[in-house]
Amino acid sequence: MSIWTDLAGVEFRLAYVDAGGMRTRSLQAGSGEAVIFLHGTSGHLEAFVRNIPAHVDAGYACHAIDMIGHGYTAGPDAPYRIPRYVEHVLAYMDALGIDRAHFVGESLGGWVAGRLAADHPDRVSRLTLVAPGGTVANPTVMERIRTSTRKAVEEDDIAFTRKRLELLMFDPAANVSDELVEVRHQIYHQPEFVKALPNLLCLQEMDNRLEDLLSPEQLGRITAPTLIVWGAQNPFGDVPEAHALNRGIPGSKLEIFAECGHWPQHEHADRFNALHLDFLSGARA
């Protein structure tokens, strides 16, 4: 398994974009309607390397970005709250002249994309929420995210980074490569990342989380056609949470992947890509 193998045959570039004053790393590939991919908490754009080629081949312009304070993107010296993430994504779009895009948001990225769709419906064509966060505040899950991330960042032993990635998967052996672990380990041990960790984990604090949760009213305002993809063994959210989200977003469609954890787009890339491209094709009808 290799990121370079996953991207073989695809012409792409890694670019740094000034998005509202934040130096923002993005992987850009393809042409056509824009699809913006947003990763999860403490994640980075490499979460989508198994999805980019299929979408490029289908005629889409793909943008996988490191959100504020994540990956190799700069972050403000302030807590990373949902409105701040949304502002950053909109600034990225404005910087590249993207008026409207399809969104794929995984975990935290789904939370951000959902809020963006509720508050800025004119900027979202179709919305795909992949094991999204932002609808519940479960202390056990929040502690799991907080503890596993801190351990991986604060300890030099790369084994803790591997454990943080393996936590996301139903089948870690098939989906957590040495290369992916090394990429994340390097990100986690940047001095800037270590310093900003409290800002990055602020949504795992109950007061912040409760204030930023997607409310029933906000979910009800999402007008973009919406696809929800969930893993049956998602360690950060049980299946009933997915059904509640499905009921909350008018007209949304829910797909639950068996033998799948928190990264459906990665663990079951072929299935996800076929499902998602079929969903996007409705915008071209």
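The shown structure was predicted, so the numbers you read here are calculated from the model rather than taken from an experiment.

J.: Would you mind showing me how to read the overall build of the chain here?
T.: If you tally the helices and strands in the chain, you get 14 helices and eight strands. Its C-alpha atoms give the chain a radius of gyration of 17 Å, near enough to 19 Å, the size a compact globule of 285 residues would have. Its C-alpha atoms give the chain principal-axis dimensions of about 50 × 45 × 40 Å. Each of the 285 residues in the chain was classed as buried or not, and the buried ones make up 58%.

J.: How do you make sense of the pairing of strand 6 (residues 124–130) when you look at a structure like this?
T.: The side chains of a regular strand alternate between both faces of the sheet. Most of strand 6 is tucked away: seven of the seven residues are buried. Both strand 5 (residues 101–106) and strand 6 contribute to a ladder of five bridges, which runs parallel. Opposite Phe-103, over in strand 6, you have Leu-127 as the bridge partner. The parallel pair strand 5 and strand 6 is bridged by helix 4 (residues 108–119), and the resulting crossover is right-handed. Judged from the four bridges that link them, strand 6 and strand 7 (residues 226–231) form a sheet pairing that is parallel.

J.: Would you explain the sheet that holds strand 7 in this entry?
T.: Within a sheet, adjacent strands bond to each other through the backbone by hydrogen bonds, running parallel or antiparallel. Strand order across the open sheet formed by eight strands is 1-2-4-3-5-6-7-8, with mixed pairing between neighbours. With one partner strand each, in any of the chains shown, strand 1 (12–19) and strand 8 (253–257) form the two edges of the open sheet. On average, each strand axis in the sheet is tilted by 20 degrees relative to the strand beside it, whichever way the strands run. Across four bridges, strand 2 (residues 22–29) lies against strand 4 (residues 60–65) in antiparallel orientation. Within strand 4, the residue paired with Gln-28 across the bridge is His-63.

J.: For this particular structure, what's the right way to read the side chain of Thr-128?
T.: Here Thr-128 is to be found in strand 6. Those residues within four positions of Thr-128 in sequence are excluded, and the remaining contacts are Phe-103, Val-104, Gly-105, Leu-227, Val-229, Phe-272, His-276 and Phe-279.

J.: Is there a simple way to think about the pattern of salt bridges in this case?
T.: One pass over the structure, following the stated rule, counts 14 salt bridges. Among the salt bridges present, the one from Asp-119 reaches Arg-115, with a minimum N-O distance of 2.7 Å. One end of the pair is Asp-119 and the other is Arg-115, both in helix 4 and four residues apart, which spans about a single turn. The exposure class of Arg-115 is buried, given its relative accessible area of 15%. Here Glu-143 makes a salt bridge to Arg-146, at a shortest N to O gap of 2.4 Å. In this pair, Glu-143 and Arg-146 both sit in helix 5 (residues 139–154), three residues apart, roughly one turn of the helix. We classify Glu-143 as partly exposed; its relative accessible area is 37%.

What counts and how
Residues numbered from 1 in each chain as written. Predicted model: local features only at pLDDT ≥ 70, side-chain atom pairs only at ≥ 80, totals over all residues. Heavy atoms only, no water. Helix = DSSP H or I, 4+ residues; strand = E, 2+ residues; numbered from the N terminus. Rg over C-alpha atoms; globule rule 2.2 N^0.38 Å. Buried < 20%, exposed > 50% of the residue type's maximum accessible area, 1.4 Å probe, protein only. Pairing = 2+ DSSP bridges. Right-handed = clockwise from strand over helix to strand, strands pointing away. Axes fitted to C-alpha atoms, helices over the stretch in contact; angles between N-to-C directions. Contact = heavy atoms within 4.5 Å. Salt bridge = Lys/Arg side-chain N within 4 Å of Asp/Glu carboxyl O.

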